[in-house]
Each structure stands twice: as C-alpha cells, then as structure tokens.
Amino acid sequence: MSKLTFAFIKERKSPPDRRVVCTPAQLHAADKEFKNADFVVEASDIRVFSDEQYREEGIDVVSDVSQAEVMIGVKEVPIEALIPNKKYFFFSHTIKKQPYNRDLLKAVLEKNIELYDHEVITRKSGARLIGFGRYAGIVGAYNGFRALGLRENLFELPKVEHLPDYAQVKKELKKIAPKLPPINIAMTGSGKVAGGIREVLEVLHVHEVKPKEFLQLRQFKNTQTVFTRLQVTDYYIRKDGYVPTKTEVFNNPELLHSNFMRFAKVADMLITGHFYGDGAPYFFTRDDAKHEDFNINLIADVSCDIDGPIASTLRPSTIENPFYGYDPHTEKEVAYDQKGAITVMAVDNLPCELPKDASEGFGALFLKHVIPAFFNGDKSGVLARAKMTEKGQLTERFSYLQDFVEGRE
Ligand SMILES: NC(=O)c1ccc[n+]([C@@H]2O[C@H](COP(=O)([O-])OP(=O)(O)OC[C@H]3O[C@@H](n4cnc5c(N)ncnc54)[C@H](O)[C@@H]3O)[C@@H](O)[C@H]2O)c1
C-alpha cells in the first residue's frame, strides 16, 4: 500500500486563528502509529505552535503542501487557496445554508474537492465526535464571571487570551471563588459546551441543585452561589401541557411552548450551552424580558444564536470587546454596565482564546476517530457520513444543499 500524505494547512482566514488540528507531540505519536501515513505541516507564523516545535518532533514543515492527498485545517479555506482534486477537512459552515459560504461550497464542487466537514464527523446516531465545544464552554463561562466581577467591582479576572493555558485559567478562577456573591445561576445544554461550563462551575465550587429545588429558591434569601442545569425537558413543555420526550423536542418542535420563564424569575445569571433546533420556541422573547419578574441580568450566551432564542443576544461580540448591554425596555444595545441592562457576553469564537488546549483536545479526537478510518476501510462509516462532496457533486446525505449551491434559496 502506498503511503497517504496528510497536510496540516496554514489558517488563512482573517482575523487569524491560532488553532491547529494536531499538536507537534500528537503528530510525533501519530507518525509512529500509522505506518502508511506521512504527516507534513504547512509553514505558518500565526499558529500557536511554531514551525520549529513541529520540526523538533520530527515533522516536516513545508511551504508547498500540494504533494499531499489530504488537507486538514480548522476554519474555512479561502477559495483561491483551495487546491483542486484533494480531500479537505475544515469547518465549512455551509450545512445550515449559510449564505456567506455559498461561493465556497460552489468552488469546492468546481474544483472537484472531496469535502469532509468537521461538524459532520459523527457517530451513526448523529452525535458529533469532534469539536471545540468543551473549550467554548470553559472560556464562555469564565468570561461570564469576568463580566460579573467587572460590573459589580468584585474582582478582576484577566482575559483568557492573555493566559498561557487552561491550567492558568483554573488558577485564576480559584482565586476568585471566595469572592463570588450569593447568586442563582442557570445553565443550559447537555453536550460538549455544557461540559466545559460545568468544569468552570466545579472549579469555582458553585453548589449544584436540581431544577425543581432551584425554582424554590425564589422564596428564600440567597446565602450561597448555586447553579442548576436545564435540559430540553425543563425549558420546553408541550402545548397540551405534557412534558415532551427528547425525541419530540428534536423532531417535533411545533408541539412545544417555552417553559423557561419560571427559571428566568429565579436566576440572576444564565450561561447557555444548549443546541437550538430550527423551528423550536424561543427561550424568552423581547416581551418576556420586559416582564417585571424577569430577574436575569447577566447572560454568557455561548450557544450564541443571533436574534433568536435568547432575545438579548442582538449580535455576536468579539474577543476584543466581549461584553455589551441589552436594555429590555428600549430593546437596544447599551453599555454592558448600564443600570437595568442585561449584560451580554456573546463571543462566537471562544475556543480561539485558548488555542493551545483547544488544539490538543481537538487533535486527540481527530487522531482517534478520523485518521484510523483511512486505514481500516472506514469500518465505522465515519468518513462516508462526513463526506459532503465527491466528483463535483454533493453526496446523497447533503443533496439538500443543491438549491442553496445553485442560488435558488
Ligand atoms: N460561542 C462559541 O464560540 C461556540 C463554540 C462552539 C459551539 N458553540 C455552540 O454551542 C452549542 C452547543 O455545542 P456543543 O459543542 O455542546 O454541541 P454537542 O454536539 O456536543 O451537543 C449538542 C447537544 O444538543 C442536543 N441536541 C441535538 N439536537 C437537538 C435539538 N434539535 N434540540 C435540542 N437539543 C438538541 C444533543 O443531544 C447534544 O446533547 C451549539 O449551538 C454551537 O454552535 C458556540
């Protein structure tokens, strides 16, 4: 069997992304493990690991990767940089028909590229195998507490992007744990983002209560910081009054009403990590936020769906300026610390703030689930499921994108 060459390509999107799919140490180990694979790295001066660090691990760093068969990156590859007739792995942000990437998908087809999108590297059940979600949850929750400290003059957390790694993030959190005020925190979600949020709450020793107990907190004066984790069956209810099953939530959102306001009356802070399905009810609307009982005044919206289920998320924010305020009465953006406003953290590229750890986490999953599939006949079907394009056509699973590519929707 001839060797297959995998190239870890340079990120070319602006603003620059420092993440990479595999670290130098991981590629060193992979080089030993996969005898039929060659791994090369495209030279880059923005990556969190330097070219020299890869060379030290015995990995070739080259300026021209066109000899490789498989190209592996993180963000969208600019059209002019796409090399025809190759296999590519990156986040194309096209599966939800994102209009800003229509031309990219068109170019992928025209250049006869086999595109495998990281977002659709899944188990047979559809559950995603790979992602940066955990780090989004960690950084998003941290940023939420950073906003709280700044707004209330309680403590000052440094920006994550100025810290070297997750270990230091945890150290900073431990320092502020004793200074946390007695507030009620609700978090949402059950996937990787939610896992990251939970890690932060655990480092901070925030006490967890069940959603039912959380609802009772309204009657008491807080004495400690508490949190509860809300699942779909907590924040949605069927229109006929029954609690929905998860399958109903995923497949029949038209059956549902939001049941979130009961939590909004108790929570001071919300940290989101849910997945919002198309057509599902909003958690709270602009009108809900005007309600005198609406108690939430700080939202770290990691899920970050714009002008959607979390009405105060008017726009994404940036790593540079992560916070803004939402005035429920005027429905307008205001200063993040304006009296009566909801403070919003809605950074949509959170894992970029922790590029080293995020790359390590992503790389471990990629080497476990994807690379072996090239050499075992894709026995779990992971490549077949993730392949979006082949021979200039969309694969069957992604044929729903045909109208989108042709500009008909
Ligand atoms: N702000 C950021 O930088 C950032 C970064 C990564 C992810 N995110 C967002 O965070 C959210 C969660 O990401 P994740 O990595 O935890 O995802 P995940 O794939 O790990 O988990 C998603 C969870 O949602 C559930 N789910 C699937 N379909 C659903 C539906 N229709 N309705 C409700 N739940 C459903 C799944 O069972 C799973 O438990 C996503 O919206 C993602 O876009 C934001």
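Described below are features of the structure shown in this document. Since the model is a prediction, treat every value here as computed from it, not as a measurement.

**Digging into the overall build of the chain**
Link 1 in the chain: If you tally the helices and strands in the chain, you get 14 helices and 18 strands.
Link 2 in the chain: Considering only C-alpha atoms, the chain reaches an extent of 70 × 45 × 35 Å along its principal axes.
Link 3 in the chain: Burial analysis of the chain (409 residues in total) assigns 40% to the buried set.
Link 4 in the chain: Across the chain, every contact between residues at least 6 apart in sequence was considered, and the portion connecting residues at least 24 apart equals 69%.

**Focus: the site of the ligand**
Link 1 in the chain: In the neighbourhood of the ligand, 25 residues make up the surrounding shell, with Gly133, Ala136, Gly191, Phe275 and Gly277 lying closest.
Link 2 in the chain: For the shell around the ligand, the secondary structure elements donating two or more residues are helix H4 (133–151), helix H6 (192–203) and helix H9 (246–251).
Link 3 in the chain: Looking at the shell around the ligand, its residues break down into 13 nonpolar, nine polar and three charged.

**Description of the pairing of strand E2 (residues 37–42)**
Link 1 in the chain: Sheet topology note: the strand E1 (residues 4–8)/E2 ladder contains five bridges and is parallel. Its bridge partner being in E2, Phe6 is matched across the sheet by Phe39.
Link 2 in the chain: You can see the chain leave E1, run along helix H1 (residues 24–33) and come back into E2, and the turn it takes is right-handed.
Link 3 in the chain: Two strands pair when backbone bridges link them, and E2 and strand E3 (residues 60–62) are joined in this way by three bridges, in the parallel orientation. When the bridges of E3 are listed, Glu42 appears paired with Val62.
Link 4 in the chain: Running through helix H2 (residues 51–56), the crossover from E2 to the neighbouring parallel element E3 is right-handed.

**Some points on unusual backbone geometry**
Link 1 in the chain: In this model, Ser14 is joined to Pro15 through a cis peptide bond whose omega is 0°.
Link 2 in the chain: Inspection of the secondary structure puts Pro15 in the loop between E1 and H1.
Link 3 in the chain: Phi at Asn85 is positive, roughly 65°, even though this residue is not glycine.
Link 4 in the chain: Its place among the elements puts Asn85 in the loop between strand E4 (70–72) and strand E5 (87–90).
Link 5 in the chain: In this structure, Asn112 is a non-glycine residue whose phi angle is positive, near 55°.
Link 6 in the chain: Take Asn112: it is sitting in the loop between helix H3 (102–110) and strand E6 (114–117).
Link 7 in the chain: Among the residues examined, Asn112 registers 14 C-beta atoms within 10 Å and is labelled partly exposed.

What counts as what
Residues numbered from 1 in each chain as written. Predicted model: local features only at pLDDT ≥ 70, side-chain atom pairs only at ≥ 80, totals over all residues. Helix = DSSP H or I, 4+ residues; strand = E, 2+ residues; numbered from the N terminus. Buried ≥ 20, exposed ≤ 12 C-beta atoms within 10 Å, placed from the backbone. Contact = placed C-beta atoms within 7 Å. Near = placed C-beta within 6 Å. Nonpolar A, V, L, I, M, F, W, Y, C, P; charged D, E, K, R; others polar. Pairing = 2+ DSSP bridges. Right-handed = clockwise from strand over helix to strand, strands pointing away.

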